[in-house]
Amino acid sequence: MRKEKSFVEKVRMATARIPRGKVATYGQIAWMAGRPRAPRAVGMIMSKNKDGEKVPCHRVVASNGALTGYGMGGIGIKKQKLLAEGVAFKGPRVDLDKSLWNPKRKRF
DNA sequence: AAACTGACTTCTC
DNA sequence: GGAGAAGCCAGTT
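My aim in this report is to walk through the structure given alongside it, one point at a time. Bear in mind that the values here come from a model prediction, so they are computed numbers and not experimental data.

A word on the overall build of chain A. Each helix and strand in chain A was counted, giving five helices and four strands. Going residue by residue from the N terminus, the α and β elements of chain A occur as α-β-α-α-β-α-β-β-α. The C-alpha radius of gyration of chain A comes to 13 Å, within 12% of the 13 Å expected for a compact globule of 108 residues. Per-residue burial for chain A yields a buried fraction of 39% across its 108 residues. Considering only contacts within chain A whose residues lie at least 6 apart along the sequence, 63% involve residues at least 24 apart. For chain A, the exposed surface amounts to about 6,700 Å²; the carbon and sulfur share of it is 52%.

Written out as structure tokens, the structure reads:
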């Protein structure tokens, strides 16, 4: 029986799995981490960001496709990064209809 | 240990 | 579709 990893670690793994050119919502990350009702906790983890550049936290957006947070320069930088990776945008928000990541795994 | 905070989500007007 | 309020979770202090 494997010892369950911390919520933070699961979130980091889930985020690291997001393929380039796609984005995932905080809700999805929380869902994969085993806490479907904890999108806030996910956001908080990102804000503390112990992952640094190891995890593509810029690929995580709000459920409505809006870019939230991002401390290294603001959502503007985040948007530029996503655009550079080929993420489709619909105005100021991400076009989830095209660039939302479809997680193949159900959970960790 | 308790209380507060925050990069969210969902409901209602 | 936009704005406001309530609910929820884990981390930090």
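Now for the pattern of salt bridges. Applying the stated criterion across every chain, the model contains three salt bridges. Its salt-bridge partner being E85, residue R59 comes within 2.7 Å of it at the nearest N-O pair. Of the two residues, R59 is situated in the loop between α3 (39-48) and β2 (60-61) and E85 in the loop between α4 (75-84) and β3 (89-90); the sequence distance between them amounts to 26 residues. The partner of K90 in a salt bridge is D95, with the nearest N and O atoms 3.4 Å apart.

Close to DNA strand C lie F7, V8, R35, R37, A38, R40, A41, M44, K48, K50 and R93, which account for all nearby residues. Between DNA strand C and R37 there is a distance of 3.5 Å, counted from a sugar or linking oxygen to a backbone nitrogen or oxygen. With four residues, α3 is the largest single contributor of residues to the surface near DNA strand C. Along the lines of polarity and charge, the residues of the surface near DNA strand C split into five nonpolar, no polar and six charged.

What counts and how
Within each chain, residues carry numbers counting from 1 in the order of the written sequence. Written order determines the labels here, with chains lettered from A and ligands numbered from 1. Predicted model: local features are reported for residues with pLDDT of at least 70 only, side-chain atom pairs are reported and counted for 80 or more only, and whole-chain, interface and lining totals are derived from all residues. Hydrogens are left out, water is left out, and the side-chain values use all remaining heavy atoms of the structure. Secondary structure is summarised from DSSP: a helix means a run of H or I of at least four residues, a strand means a run of E of at least two, and numbering begins at the N terminus for each. Between the two quantities, the radius of gyration covers C-alpha atoms and the globule rule is 2.2 Å times the number of residues to the power 0.38. When a residue's accessible area, from a 1.4 Å probe over protein chains only, is under 20% of the maximum for its type it is buried; when over 50% it is exposed; and in between it is partly exposed. Note on definitions: a residue-residue contact is assigned when non-hydrogen atoms from the two residues lie within 4.5 Å. Under the convention used here, a 1.4 Å probe and the Shrake-Rupley method define accessible areas, while residue burial counts only the protein chains that appear. Between Lys or Arg on one side and Asp or Glu on the other, a salt bridge is scored when a side-chain nitrogen of the former is within 4 Å of a carboxyl oxygen of the latter. The near set for a molecule or strand comprises every residue that places at least one heavy atom within 4 Å of it. Polar contacts, as counted here, are pairs of nitrogen or oxygen atoms within 3.5 Å of one another; within protein the pair requires one atom able to donate a hydrogen and one able to accept it, and residues that are adjacent in sequence qualify only if both atoms are side-chain atoms. Classification convention: Asp, Glu, Lys, Arg as charged; Ala, Val, Leu, Ile, Met, Phe, Trp, Tyr, Cys, Pro as nonpolar; all other residues, Gly among them, as polar.

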